[in-house]
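Coordinate analysis (summary)
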Amino acid sequence: MERVAIFPGSFDPFTVGHESIVKRAIPLFDKIVIMIGFNSNKRSFFSVEKRAEWINEVFKNEPKVTVEWHEGLTVDFCKKVNARYILRGLRTSADFEFERAIAQVNKMMHPQIESVFLLTSPEHTPVTSTIVRDIIYHGGDASMFLPTALKNTVFKIDE
Ligand code: ADP
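To start, this report covers the structure provided alongside it. (Residues numbered from 1 in each chain as written. Predicted model: local features only at pLDDT ≥ 70, side-chain atom pairs only at ≥ 80, totals over all residues. Heavy atoms only, no water.)

Another point: the environment of Val81. Note that Val81 resides in helix 3 (residues 74-81). Residues Val81 and Val154, spaced 73 residues apart in sequence, show a C-alpha to C-alpha distance of 31 Å. When near neighbours in sequence (up to four residues on either side) are disregarded, Val81 contacts Val4, Ile6, Val33 and Glu68. (Helix = DSSP H or I, 4+ residues; strand = E, 2+ residues; numbered from the N terminus. Contact = heavy atoms within 4.5 Å.)

Okay, the side chain of His110 next. Relative to the assigned elements, His110 resides in the loop between helix 4 (93-109) and strand 5 (114-119). Once residues within four sequence positions are removed from consideration, His110 is found in contact with Val75 and Lys79.

Formed by 33 residues in total, the largest nonpolar core has its most connected members in Phe7, Phe14, Val22, Ile32, Ile34, Ile55 and Phe59. When contributions to this core are tallied by element, the ones reaching two or more residues are strand 1 (4-9), helix 1 (16-25), strand 2 (31-37), helix 2 (48-58), strand 3 (65-70), strand 4 (85-90) and helix 5 (129-137). Of all hydrophobic cores here, the second largest spans 10 residues; its members include Ile6, Val33, Val81 and Ile113. (Core = buried A, V, L, I, M, F, W, Y, C linked by side-chain atoms within 4.5 Å. Buried < 20%, exposed > 50% of the residue type's maximum accessible area, 1.4 Å probe, protein only.)

Among the 16 residues in the neighbourhood of the ligand, the closest are listed as Ser10, Phe11, Gly89, His124 and Val127. A distance of 3.3 Å is found between an oxygen atom of the ligand and a side-chain nitrogen or oxygen belonging to His18. At a separation of 2.7 Å, an oxygen atom of the ligand approaches a polar backbone atom of Gly89. Calculation on the ligand without its partners gives an accessible area of 540 Å², and the protein chains cover 86% of this total. Listed by contribution, the elements that provide at least two residues to the shell around the ligand are strand 1, helix 1, strand 4 and helix 4. (Near = heavy atom within 4 Å. Polar contact = N/O pair within 3.5 Å; in protein donor to acceptor, adjacent residues only side chain to side chain. Areas by Shrake-Rupley, 256 points an atom, 1.4 Å probe, with all protein chains shown as cover.)

What follows is the structure in structure tokens.
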């Protein structure tokens, strides 16, 4: 059976930290679907279409990785794409506590699903989408926190 994992997140925007987790997970799975979790009642910084476009650019030469967006429960998306694994990254003990609860509840809702955690590479521990958004918003240079495939991308804020 094909080992399909989903990597759910807001990716607002997709950072070097996210990129590193996906790249390290590629040898572990047959297919990784990056799921942009999307909530029509909550305002995001970048549109879901832009976020998907940028992630597609990063993985355009990686046939195992695809991108979709989804509004609703992560476990429902797993059923939709036949995924048995949820991939997440862990930076800090705060991430661990947050992820533990989500993973345990997901397991109760859908017992066939396993959550798989990769520890962040040390250099990516401080990188968060929130900080990257702040740098972009204030006109700073966030390029060192963004995937190199996006170095010429203009990160225009959606009005
Ligand atoms: P969410 O809104 O679900 O937290 P994010 O887009 O912030 O979504 O993150 C998606 C996943 O990537 C989460 O598992 C998060 O812990 C992980 N992640 C975010 N930043 C990093 C990083 N710098 N290093 C490793 N994992 C990260």
